Amino acid sequence: MLELDDIQHFLVTRPHALAARYEFLSFRTPGSAQLWLNGIVDKVGTAQKVKAADAHDMRWVTIAFTWNGLLATGVEHSSLATFPDEFREGMAARAEILGDVGRNDPKHWVGDLASNELHAILVLFARDIEQRDRSVRDYEKFLAQCAGVERLSFLNLAAIPPYEYSHDHFGYRDRLSQCVVAGTDEVANPGSGAPLKAGEFFLGYPDEDGDGPRLPSPEILSRNGSYLAYRRLQEHVGTFREFLEQHGKTREEQELVAAKLMGRWRSGAPLVLAPERDDPALGADPLRNNDFNYKTMDPHGYAVPLGSHIRRMNPRDTAVNMNRRRMIRRGGTYGPHLPEGAPEDGVERGIAAFIGCASLVRQFEFAQNVWVNDPKFHELDHERDPIIGTHDGTFQMTIPKRPVRRKLTGLPSFTTVRGGAYFFLPGIRALRFLASGARAQSST
């Protein structure tokens with residue numbers, strides 16, 4: 001049974017938030033970290049509380065730490081040595097594995113996200129921008145009282161129009177293919193698969209392969225925790241629109257190209273079920289928009305190209321041991337909406353996402369290395385994920401078609417990595433353990 005009163009809500013349930021603030025922090029002394037934690041831990045939302053909360057109760061907080069951050073709070077090296085190497089090294093150090101080269105190289109990242117001085121992230125959730133700004137003002141008053149706690153950077157997030165459903169700056173409907181964790185009261189929508197063992201996402205529980213990995217020590221610090229891979233991706237909306245115009249003479253042809261790149265129409269309707277034209281009603285129906293497979297319904301990619309984004313990120317029944325690769329994604333959009341027909345304005349906009357899992361190597365890094373950036377994924381030739389893959393203008397995408405297939409060549413970068421980090425998302429007891437002086441307690 002999941003200990004929902006100890007697990008942070010972040011990966012279990014979504015609050016009704018249309019806005020958020022990410023605060024990236026550094027602690028100068030363990031004492032400053034403990035002072036800060038003691039003042040804010042009671043505002044951290046548990047999975048149990050957020051599920052039961054009123055829709056208007058939005059002032060929830062999430063806290064996570066880098067490996068260097070756990071060290072800065074006072075956790076001993078002997079305990080930190082029991083955490084996985086990839087978490088200790090951090091995302092920036094593993095750039096080549098992740099494909100973060102060229103424009104995506106950590107030397108270009110913003111906000112000190114590649115720095116060893118990045119110790120923690122605080123996420124403030126809010127119902128809307130006005131409430132977010134009030135929460136930020138309250139938080140800044142608190143932060144001013146915490147000597148030795150430094151804000152390295154921040155990022156404001158907010159939903160973009162239309163507000164009726166979640167979507168990115170390219171206009172694709174979001175949050176469609178979500179796995180369900182066993183032990184929660186969530187019911188999987190058709191096509192989402194059976195609930196997955198909790199140990200695939202939370203430490204201390206059985207996973208799909210058995211009892212799960214050994215817990216880092218001490219257990220009070222690691223149990224009910226998760227690993228988070230944070231990615232800030234700038235979306236080049238103007239470049240994307242220009243590409244569609246170059247490869248489609250009419251608006252209908254352009255929308256079909258956009259659908260082939262993603263594997264879904266922008267409405268969310270999957271190409272497997274709507275191969276010829278968009279079906280917004282299908283895209284908006286959670287009982288239908290994810291209910292498909294590839295092995296029997298589209299084995300050759302005539303509907304959804306083998307290299308499209310959704311086919312790479314969730315190969316479904318065409319991949320081996322998929323239950324050990326699934327991840328939970330959270331996050332939202334930042335930057336202003338670029339109106340349709342408006343030229344690129346030079347303002348950064350994109351998505352800031354977290355990938356939650358129990359193994360950064362087996363889940364997130366495998367997806368980045370093999371699914372996103374392997375040029376021969378699905379036995380393709382010189383292709384990468386067309387949406388989030390690392391592109392330099394030399395890669396292509398194949399769109400199968402009878403009798404003649406089509407190739408899109410010279411794909412530009414539609415997204416650029418602007419920052420990233422590996423965080424550990426502790427349970428509530430772990431946060432209180434850190435707030436009370438982890439070094440003293442872990443050595444007794």
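Check the entry above for the structure.
Report on the accompanying structure. Within every chain, residues take consecutive numbers counted from 1 along the sequence as written. Only residues with pLDDT of at least 70 are given local features in this predicted model, and only at 80 or more are side-chain atom pairs given and counted; all residues enter the totals for whole chains, interfaces and linings. Hydrogens and water molecules were not included; the side-chain quantities draw on all heavy atoms of the structure.

## Some points on the overall build of the protein chain
Right, so step 1: Across its full length, the protein chain carries 15 helices and ten strands.
Right, so step 2: Taken along its principal axes, the extent of the C-alpha atoms in the protein chain is 70 × 50 × 45 Å.
Right, so step 3: For every accessible area listed, the method is Shrake-Rupley and the probe measures 1.4 Å; residues are considered covered only by the protein chains on display. For the protein chain, the accessible area works out to roughly 18,700 Å², and carbon and sulfur atoms hold 51% of it.
Right, so step 4: We score Asp and Glu as negative and Lys and Arg as positive, and we do not count His or the chain ends. Note that the charge is assigned to NZ on lysines, CZ on arginines, CG on aspartates and CD on glutamates. Charge separation in the protein chain, taken as the distance between the mean sites of 54 positive and 57 negative side-chain charges, equals 1 Å. Only DSSP runs of H or I with at least four residues qualify as helices, and only runs of E with at least two residues qualify as strands; both kinds are numbered from the N terminus onward.

## Some details on the nonpolar core
Right, so step 1: Counting residues in hydrophobic clusters, the biggest one holds 94 residues, and the most contacted among them are Tyr-22, Trp-36 and Ile-63.
Right, so step 2: Here, two residues are considered to be in contact whenever any of their heavy atoms come within 4.5 Å of each other. Trp-36 has contacts with Leu-25, Phe-27, Ile-63, Leu-122, Tyr-139, Phe-142, Leu-143, Cys-146 and Val-149, leaving out every residue within four places of it along the chain.
Right, so step 3: Val-237, Tyr-294, Ile-310 and Leu-338 belong to the second largest nonpolar core, which has 29 residues in total. Only buried residues count toward a nonpolar core. Its members are Ala, Val, Leu, Ile, Met, Phe, Trp, Tyr and Cys residues joined through side-chain atoms within 4.5 Å. Relative accessible area decides the class of each residue, using a 1.4 Å probe on protein chains only: under 20% of the type maximum gives buried, over 50% gives exposed, and in between gives partly exposed.

## Here's the deal with the environment of Gly-389
Right, so step 1: The residue Gly-389 is located in the loop between helix H13 (360-372) and strand S8 (397-399) in this model.
Right, so step 2: In this structure the C-alpha to C-alpha distance between Gly-389 and Pro-343, which are 46 residues apart in sequence, comes to 24 Å.
Right, so step 3: Apart from the residues within four sequence positions on either side, Gly-389 is in contact with Val-372 and Asn-373.

## Observations regarding the pairing of strand S5 (residues 226-235)
Right, so step 1: Counting buried residues in S5 gives ten out of ten residues, a clear majority hidden from the surface.
Right, so step 2: Across ten bridges, S5 lies against strand S10 (residues 415-425) in antiparallel orientation. Among the inter-strand pairings, Ala-229 is bridged to a residue of S10, identified as Tyr-422. For two strands to pair, DSSP has to find at least two bridges joining them.

## Structural notes on helix H9 (residues 237-247)
Right, so step 1: Those residues of H9 not exposed but buried are Val-237, Gly-238, Phe-240, Arg-241, Phe-243 and Leu-244.
Right, so step 2: Looking at the buried side of H9, the elements it contacts are S5, helix H10 (251-262) and strand S9 (406-408).

## Overview of H10
Right, so step 1: To estimate the expected span of a helix, subtract one from its residue number and multiply by 1.5 Å. Here H10 contains twelve residues, and its C-alpha end-to-end distance of 17 Å stays within 8% of the 16 Å for a straight helix at 1.5 Å per residue.
Right, so step 2: Along H10, the positions that sit buried rather than exposed are Gln-254, Glu-255, Val-257, Ala-258, Ala-259, Lys-260, Leu-261 and Met-262.
Right, so step 3: Contact partners of the buried residues in H10: H9, helix H12 (309-313), S8 and S9.
Right, so step 4: At the exit of H10 stands Gly-263, carrying a positive phi of roughly 100 degrees.

## Some thoughts on the packing of helix H1 (residues 30-40) against helix H7 (residues 129-143)
Right, so step 1: For every element, the axis is a line fit to its C-alpha atoms; helices are fit only across the contacting stretch, and the angle between N-to-C directions ranges from 0 to 180 degrees. Where H1 contacts H7, the two axes come as close as 11 Å, and the packing angle between them is 140 degrees. Taken together, the axes of H1 and H7 lie oblique to each other. Our pair here, H1 against H7, has a crossing hand that is right-handed. Across from Leu-35, Trp-36, Gly-39 and Ile-40 in H1, the residues of H7 making contact are Tyr-139, Phe-142 and Leu-143.
Right, so step 2: Class assignment for the residues of the contact of H1 with H7 results in six nonpolar, one polar and no charged. These descriptions rest on fixed angle ranges, namely under 35 degrees for roughly parallel, over 145 for roughly antiparallel, 65 to 115 for roughly perpendicular, and the rest for oblique. By the definition used in this description, the sense in which the near helix is turned from the far one sets the handedness, with an anticlockwise turn below a right angle giving left-handed and a clockwise turn giving right-handed. Side-chain classes are defined by residue name, with Ala, Val, Leu, Ile, Met, Phe, Trp, Tyr, Cys and Pro counting as nonpolar, Asp, Glu, Lys and Arg as charged, and the others, Gly among them, as polar.

## Brief notes about the pattern of salt bridges
Right, so step 1: The term salt bridge refers to a pairing of a side-chain nitrogen on Lys or Arg with a carboxyl oxygen on Asp or Glu at a separation within 4 Å. Under the defined criterion, the tally for this structure stands at 33 salt bridges.
Right, so step 2: With a closest N to O distance of 3.4 Å, Arg-429 and Asp-6 form a salt bridge. On the criterion of sequence distance, the pair formed by Arg-429 in helix H14 (residues 428-435) and Asp-6 in the segment before strand S1 (19-27) is long-range, its members being 423 residues apart.
Right, so step 3: Exposure remark for Arg-429: the relative accessible area of 40% places this residue in the partly exposed category.
Right, so step 4: The exposure class of Asp-6 is buried, given its relative accessible area of 3%.

## Let's talk about the packing of aromatic side chains
Right, so step 1: In this analysis, rings of Phe, Tyr and Trp, with Trp reduced to its six-membered ring, are considered paired at centre separations within 6.5 Å, and the interplanar angle assigns stacked below 30 degrees, edge-to-face beyond 60, and tilted for intermediate values. Scanning the entire structure with this criterion turns up 21 aromatic pairs.
Right, so step 2: Ring geometry for Phe-240 against Phe-414: centres 5.3 Å apart, planes inclined by 85 degrees, an arrangement best described as edge-to-face. Remark: Phe-414 occurs in the loop between S9 and S10 and Phe-240 occurs in helix H9; sequence separation between them is 174 residues. Comparing Phe-240 with Phe-414 shows no difference in burial state: the two are buried.
Right, so step 3: Where Phe-366 meets Trp-371, the ring centres are 5.5 Å apart and the plane angle is 80 degrees; that geometry is what we call edge-to-face.
Right, so step 4: Among the aromatic residues, those joined into a cluster by ring pairs are Phe-10, Tyr-22, Phe-24, Phe-125, Tyr-230 and Phe-354.
Right, so step 5: Over the ring of Phe-154 we find Arg-21; its NZ or CZ atom is 3.7 Å from the centre of that ring. Whether a charge sits over a ring depends on NZ of Lys or CZ of Arg being within 6 Å of the ring centre and within 35 degrees of the ring normal.

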